[in-house]
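# Close look at the chain arrangement
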Amino acid sequence: MKVIGSGFMALALLVFGADEIPASAQGEKEQKMIVVFEEQADMEEIIEDAGGTATEAFEEVDIASAELTDSVINELRQDPAILSIEEDTVVELQAQMEDWGIASSNIPAAWNSGFTGEGIKISVIDSGISRHEDLKLAGGISTVDYTNSYADDQGHGTHVAGIIGGLNNSYGVKGVAYDAELYAVKAFDAKGQAYVSDMIEGINWSVANDMDIINLSAGSQTGSTAFKSAADKAYASGLLIVAAAGNDGDSVGAGDTVDFPARYPSVIAVGAVDRSSKRADFSSTGSTVEVTAPGERILSTYTGNQYAYLSGTSMATPYVAGELALIKQAYPNLTNKELRQVLIDHTRDAGPAGKDPYYGYGIIRASSFTAPPRSQQVNAVANLALNSKAITGAPGDMFSLSATATFQDGSVQNVTPDAVWASADVKVATVANGKVQLKAYGSTTITATFGGKSATATITVPQPEANPVVKLEADQTTLVGKPGDVFTVSAAATFKNNQKEMVTNEAVWTSSNEAIATVSNGKITVQGYGMATVSLSFGGQTATVIVNSPNPQAAPNKIHFDDVPSFYAPAVDYLVQRGITQGKSATQFGVTDSIIRADAAVWLAKELGLNTATARPSGFGDVPDRAAGAVNALKQAGIIGGKTATRFGSYDPLTRGEVAIILQRTYKLDAGNETSAFTDVSSRYADAVNALVANDVTDGLTPKQFGVSRNITRGQLAVFIYRLAE
């Protein structure tokens, strides 16, 4: 027996993607679409009369695939015979990662009772099934466009088929239901992809050809209305549909990651366990997981008449399909719902007690299947009821539903924790053990199932009536003060219904120049001389407050530096008059010297009027005392960071590019439509440099060079700050 190692893995999980859409003669693009009809509608005639092309009609599930333009789609949406129209998207097979499962699932106990799946028809909707000395096919169909053969050109389907029906001969592997009739439904191509319509055709074929069980080792995080409709109708006709829960789990089992179609109530969602009966890390988790089965490093048939070890919920799914075949042979008169309950009744609880999102009801475990099923035993469930049939609320609301079972002997029991709960649309509402959480506007149905009986509650989350804000007002519109003054401004919003509400804390407050005035929840602090506009916004409306802090215009000091040319003189005088710096000495400003990060921090903190005394410690260990307050305040304001979490780089120079980013962030400069012609500015600095140019702060070193990587000098930084102040 040739065995392929773990390098032979199947493709990624199902994903939905757009195919190329051919253009029609009229210039509109034709799209592959799926149309869901009311029962007994003339599907092809309705589509052709609207100007579309019906490619296939799936009579058993009242669904058709077609090529339609946008105008035809819009016309068909008006037809009352049509329930929905959606794009015919592409689907991919479950991801694989790499046979102990027979003994672990106690399958031989059923074999010893003579139950081997004989007479049970199972369709495997997958990548096809290849000819293999260890498999016997009863028939099949190809629903893909490029071949009529249902042979496997990918490997996944052949591996799945062997787990279900590997022959009981003197070699190879033995499947769970080795005498079952296997049918290949090739819906996936060599890349592991399938159109939803091809999968629907496979379900349609399975119904029309009297299949008992459908194995679907595939899934996606995106649902399909058409596919759900097909699955629901197949289930209503008496079929059992088994699907992989998905390989989107993690080691802690966080979140609800179950794939579609396994999420649908009409489908049995299967998770995977390892040799130690522990949930495989990759196995998806969530409230819709129904059972788990062996799914890690499973040996089965493979293409090329070989064998391979594969892992995934794709491998666990055929274990469940196989056991259902054994159960159906043992109890031929049970309905599909009753067979599903027998499967649940024959699980071994794992994880938290009772049904849980990791193992569902538990790990499958066959038996002799000779005892009467629970549904046929005395005191079966006669009725199931919920404490509420309708819930209405808003997104975020939580409600509790309880399920009560009435048994044939008249006894009543609260079965809320034991019931299987499901939401028809998890985007609108989710449910777990009766706890319902409303998620978004819309409607859905919550279903509880127990003992073969079901009960439902309708969930409605109505859109709120529109009541927009029509006016926003501040109780003060002009403030005059001096640095250090603090003003409190209140904001009131008027709504469409004339209701007035104070929204001071809810409004968004911003200052046009935080060097002059800062604001937080209506508290305005004057930081420096000049004028600034404080804006507040709420509900799409805005208002403004003008802050005026007149400069007392103290007589300028007589400052003279020997190294300051006329170009830099106004900027240097501005910094000296503001008390930002007194130069490097009485006669030297150091106009051409590179400025270090510590000095730049001091300049900027003083210019912005930041409170350096009360700012939180920065955590940097290399800041000199003279700059510590400035660095603390700038970091707290979100203006600067350090070289590392503990090092500021106080004595390192600053580049012109770094300064551009800091100043744009500090002054909230907008580049507008400015695009500079500098050739040395990378994408990291482009927006900041363009913002400086757009606001007349600098024109660069030359028309083509900004000098982004050059160290900025004390004179250059003085000019930048001065021009921003102007």
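Residues numbered from 1 in each chain as written. Predicted model: local features only at pLDDT ≥ 70, side-chain atom pairs only at ≥ 80, totals over all residues. Heavy atoms only, no water.

### Considering the environment of Q463
As a reminder of what qualifies: We count a stretch as a helix when DSSP gives it H or I for four or more residues in a row; a strand needs E for two or more, and each element gets its number in order from the N terminus. With a 1.4 Å probe rolled over the protein chains alone, any residue whose accessible area is under 20% of its type maximum counts as buried; one over 50% counts as exposed, and the rest are partly exposed.
Structurally, the position occupied by Q463 is in the loop between strand 28 (453-461) and strand 29 (469-474). By relative accessible area, Q463 is classed as exposed at 59%. Through-space distance from the C-alpha of Q463 to that of G442 is 7.7 Å; in sequence the pair is 21 residues apart.

### Things to note about the domain arrangement of the protein
Selection rule: By convention here, the domain bounds are inherited from an automatic or database domain assignment.
Split into domains, the protein comes out as domain 1 (30-87), domain 2 (100-346), domain 3 (383-461), domain 4 (469-549) and domain 5 (566-723). Placing the centre of domain 3 and that of domain 4 at their C-alpha centroids yields a distance of 48 Å.

### Brief notes about the nonpolar core
To be explicit about the condition: As used in this record, nonpolar core signifies buried Ala, Val, Leu, Ile, Met, Phe, Trp, Tyr and Cys residues forming a set joined through side-chain atoms within 4.5 Å. Residue contacts are counted whenever heavy atoms from the two residues lie within 4.5 Å of one another.
If you look at the biggest cluster of nonpolar residues, it comprises 56 residues, and the most contacted ones within it are F589, W603, L634, L663, L692, F706 and L717. At the level of elements, helix 10 (569-577), helix 11 (597-608), helix 12 (625-636), helix 13 (656-667), helix 14 (683-694) and helix 15 (714-725) are the ones that each hand at least two residues to this core. The element contributing the most residues to this core is helix 11, with eight residues. Residues contacting L663, with those up to four places away along its chain left out, are L604, K668, L669, L692, F720 and L724. Counting 53 residues, the second largest nonpolar core, distinct from the first, contains I107, I122, Y178 and I268.

### Topic: the sheet that holds strand 33 (residues 500-502)
The test is simple: Following DSSP output, two strands are said to pair if at least two bridges run between them. Helix axes use the C-alpha atoms of the stretch in contact, all axes being lines fitted to C-alpha atoms, and the angles between their N-to-C directions lie in the range 0 to 180 degrees.
Read from one edge of the open sheet, three strands run 29-32-33, paired in antiparallel fashion. Every interior strand has two partners, whereas the edge strands, strand 29 and strand 33, have only one. On average, adjacent strands in this sheet sit at an angle of 25 degrees to one another, irrespective of strand direction. Relative to strand 33, strand 32 (residues 491-495) runs antiparallel, the two being bridged by three bridges. By the bridge assignment, T494 is partnered in strand 33 with K500.

### Concerning the pattern of salt bridges
Cut-off, in case you're wondering: By convention in these notes, a salt bridge is any Lys or Arg side-chain nitrogen within 4 Å of a carboxyl oxygen on Asp or Glu.
On inspection of all chains with the given rule, the structure shows 14 salt bridges. Put simply, D256 and R263 hold a salt bridge, and the shortest N to O gap is 3.2 Å. Taking the relative accessible area as the measure of exposure, D256 reaches 38% and is therefore partly exposed. Exposure remark for R263: the relative accessible area of 12% places this residue in the buried category.

### A short note on the confidence of the model for the protein
Keep this limit in mind: pLDDT expresses, on a scale from 0 to 100, how confident the predictor is about each individual residue.
Here the protein averages 87 in pLDDT, and 93% of its residues register 70 or above. Segment residues 1-26: pLDDT under 50, and 85 contacts once partners within four positions in sequence are set aside and those in other chains are kept. Note on residues 554-558: pLDDT is under 50 here. Beyond four places in sequence and across chains, it has three contacts.

### Regarding the packing of aromatic side chains
Heads up, the rule is: In this analysis, rings of Phe, Tyr and Trp, with Trp reduced to its six-membered ring, are considered paired at centre separations within 6.5 Å, and the interplanar angle assigns stacked below 30 degrees, edge-to-face beyond 60, and tilted for intermediate values.
Within this structure, the stated rule accounts for 10 aromatic pairs. Measuring from ring centre to ring centre gives 6.0 Å for Y183 and W205, while their planes differ by 55 degrees; the resulting arrangement is tilted. In this pair, Y183 sits in strand 9 (residues 181-186) while W205 sits in helix 6 (residues 196-208), placing the two residues 22 residues apart along the sequence. Given a relative accessible area of 11%, Y183 falls into the buried group.

### Comments concerning the environment of Y361
Heads up, the condition is: Polar contacts, as used here, are pairs of N or O atoms within 3.5 Å; protein pairs need one atom able to donate a hydrogen and one able to accept it. Residues neighboring in sequence count only if both atoms are side-chain atoms.
Tracing the sequence through the fold places Y361 in the loop between strand 17 (347-348) and strand 18 (363-364). With relative accessibility at 15%, the residue Y361 sits in the buried group. Y361 sits 56 residues away from P417 along the chain, and the two C-alpha atoms are 11 Å apart. Setting aside residues up to four positions removed in sequence, Y361 forms contacts with E290, I344, T347, D349, K355, D418, A419, V420 and T449. Within polar-contact distance, the side chain of Y361 engages the backbone oxygen of D418 at 3.4 Å.

### Looking at the UniProt feature "active site" (unreviewed entry) in the protein
For clarity, the threshold we go by: UniProt positions are given in the numbering used here, feature names are shortened, and annotations may be inferred rather than shown by experiment.
Within this structure's numbering, the places UniProt gives as "active site" (unreviewed entry) are D126, H156 and S314. For the residues just named, distributed over 189 residues, the greatest C-alpha separation is only 10.2 Å, placing them together at one site. For S314, the location among the structural elements is in helix 8 (residues 313-330). Judged by relative accessible area, which is 0%, S314 ranks as buried. In this structure the side chain of S314 is engaged in a polar contact, spanning 3.1 Å, whose partner is the side chain of H156.

### Let's talk about the layout of surface pockets
Selection rule: A cavity here means a set of points on a 1 Å grid, drawn over the protein atoms and nothing else, where a 1.4 Å probe fits but cannot get out; a pocket is an open set with protein on both sides within 12 Å along at least five of seven lines, and a residue lines either one if it has an atom within 4 Å of a point. Grid points are joined across faces, edges and corners, and a volume is the space filled by probe spheres set on the points. Under the grouping applied here, Gly and all other residues not named as nonpolar or charged are polar, the nonpolar ones being Ala, Val, Leu, Ile, Met, Phe, Trp, Tyr, Cys and Pro and the charged ones Asp, Glu, Lys and Arg.
Looking at the largest pocket, its volume works out to about 1200 Å³. Along its surface, the largest pocket is lined by 48 residues, and Q341, T449, F450, G451 and G452 are the ones closest to its centre. When contributions to the lining of the largest pocket are tallied by element, the ones reaching two or more residues are helix 7 (225-236), helix 9 (336-345), strand 24 (420-423), strand 27 (442-450) and strand 28. If you tally residues by element for the lining of the largest pocket, the top one is helix 9, at six residues. Partitioned by chemical class, the residues of the lining of the largest pocket number 18 nonpolar, 17 polar and 13 charged.

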